[in-house]
Amino acid sequence: MRLQQALIRDKRIENLSLLAASQTRDKDALSEEGVRRCIGELREKFDWVICDSPAGIERAPRWRCAYADLAVVVTNPEVFVGPRLRSHHRAARLQDHEAERGERMEKFLLLTRYDTVRAGRGDMLSIDDVLEILSIPLLGIIPESEEVLRASNLGSPVTMSNAKSAPARAYNDAARRLRGETVPMTIPNARHPLLTKLFGRRAA
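Being a predicted model, the structure only gives us computed values, none of them experimental.

Thresholds, definitions, all that
- Residues numbered from 1 in each chain as written.
- Predicted model: local features only at pLDDT ≥ 70, side-chain atom pairs only at ≥ 80, totals over all residues.
- Heavy atoms only, no water.
- Patch = residues over 30% accessible without salt bridge, like charges linked within 9 Å, V, L, I, M, F, W, Y side chains within 5 Å.
- Areas by Shrake-Rupley, 256 points an atom, 1.4 Å probe, with all protein chains shown as cover.
- Salt bridge = Lys/Arg side-chain N within 4 Å of Asp/Glu carboxyl O.
- Helix = DSSP H or I, 4+ residues; strand = E, 2+ residues; numbered from the N terminus.
- Buried < 20%, exposed > 50% of the residue type's maximum accessible area, 1.4 Å probe, protein only.
- Contact = heavy atoms within 4.5 Å.
- Pairing = 2+ DSSP bridges.
- Axes fitted to C-alpha atoms, helices over the stretch in contact; angles between N-to-C directions.
- Core = buried A, V, L, I, M, F, W, Y, C linked by side-chain atoms within 4.5 Å.

Chemist: What's the story with a nonpolar patch on the surface in this structure? I'm lost.
Modeler: Among the surface-exposed residues, I8, L16 and L18 lie close enough to one another that they form a single nonpolar patch of about 260 Å² accessible area. Assignment of secondary structure puts I8 in strand β1 (residues 8-9).

Chemist: I'm lost on the pattern of salt bridges in this one. Help?
Modeler: Pairing is possible between side chains that carry opposite charge, provided their charged atoms lie close to one another. Counted under the stated rule, the structure contains eight salt bridges. When the shortest N-O distance is used, the salt bridge between R43 and D69 registers 3.1 Å. Within this pair, whereas R43 is found in helix α2 (residues 32-45), its partner D69 is found in the loop between α3 (59-66) and β3 (70-75), the two being separated by 26 residues in sequence. R43 gets classed as partly exposed once you look at its relative accessible area, which sits at 40%. Bridged by salt links that share partners, the residues D173, R176 and E181 form one connected network.

Chemist: What exactly am I supposed to notice about unusual backbone geometry here?
Modeler: The general pattern is negative phi for most residues beyond glycine and trans for most peptide bonds. Look at R113: it is not a glycine, yet its phi comes out positive at around 55°. Relative to the assigned elements, R113 resides in strand β4 (residues 106-114). The backbone of S135 sits at a positive phi, close to 55°, despite the residue not being glycine. When you line up the elements, S135 lands in the loop between α6 (127-134) and β5 (138-143).

Chemist: So what exactly am I meant to see when it comes to the environment of Y114 here?
Modeler: With respect to the helices and strands, Y114 occurs in strand β4. For Y114, a relative accessible area of 9% translates into the label buried. The residues contacting Y114, other than those within four sequence positions of it, are P77, A119, M124, L125, I127, I141, I142, P143, E144 and I187.

Chemist: Would you take a moment to explain the sheet that holds β3 for this structure?
Modeler: In a beta sheet, neighbouring strands are held together by backbone hydrogen bonds and run either parallel or antiparallel to one another. Pairing is parallel in the open sheet, where three strands are placed in the order β3-β4-β5. Unpaired on one side and paired on the other, β3 and β5 mark the two borders of the sheet. Adjacent strand axes in the sheet meet at a mean angle of 15° when their direction is disregarded. Here β4 pairs with β5 via four bridges, running parallel. Considered in β5, the bridge of L109 is made with L138.

Chemist: Help me out: how do you make sense of the nonpolar core in this one?
Modeler: A general tendency of soluble globular proteins is for nonpolar side chains to be buried together. Residues L109, Y114, I127, V130, L134, L138 and I141 are the most contacted members of the largest nonpolar core, which totals 17 residues. Of all the elements in the fold, those that place two or more residues in this core are β4, α6 and β5. With five residues, α6 is the largest single contributor of residues to this core. Residues F108, L110, I142 and A174 belong to the second largest nonpolar core, which totals six residues.

Worth remembering: the numbers are spatial, not functional.
Structure follows, in structure tokens:
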């Protein structure tokens, strides 16, 4: 099957297409040359090629990192995730060595499911804790919100199901920063309509 035949165009967004990864027990079915060729062809057709990849150090994620221009590390601040954050850090360091061009890869942190009240009680890691562990510039903070679950149940991105919700605004701000726009870093509060400004953060 040709790449063009494997692409699935989103019915809601005209310029968005999806390419599902094959599900197989044979991890060797995906070759480095195949990944390189696939990403190369996609670059010719799209402005952005986004590869969703686990945080592990298997060969497939490493290959995708090797041909990427930048990486967005997505994690949440739950206390039990602390050790896993260090795993993310190891994977991020690995990307530096796996980058095909032999240079450090630009990396950003997207913090999801953040709750200011729980963080204040010490029930989850603070933003400072996460930044200290990962040492990656902060791209955005997505608040804990029932809107995300509601959108998932509807089978729709929260940015489309409720564009005015706190998580939708936070995702849009993060996307704008990724495009190079200067957007003030804030902590959108899902419980109140106001935005709490976040001062002193390392923003992308």
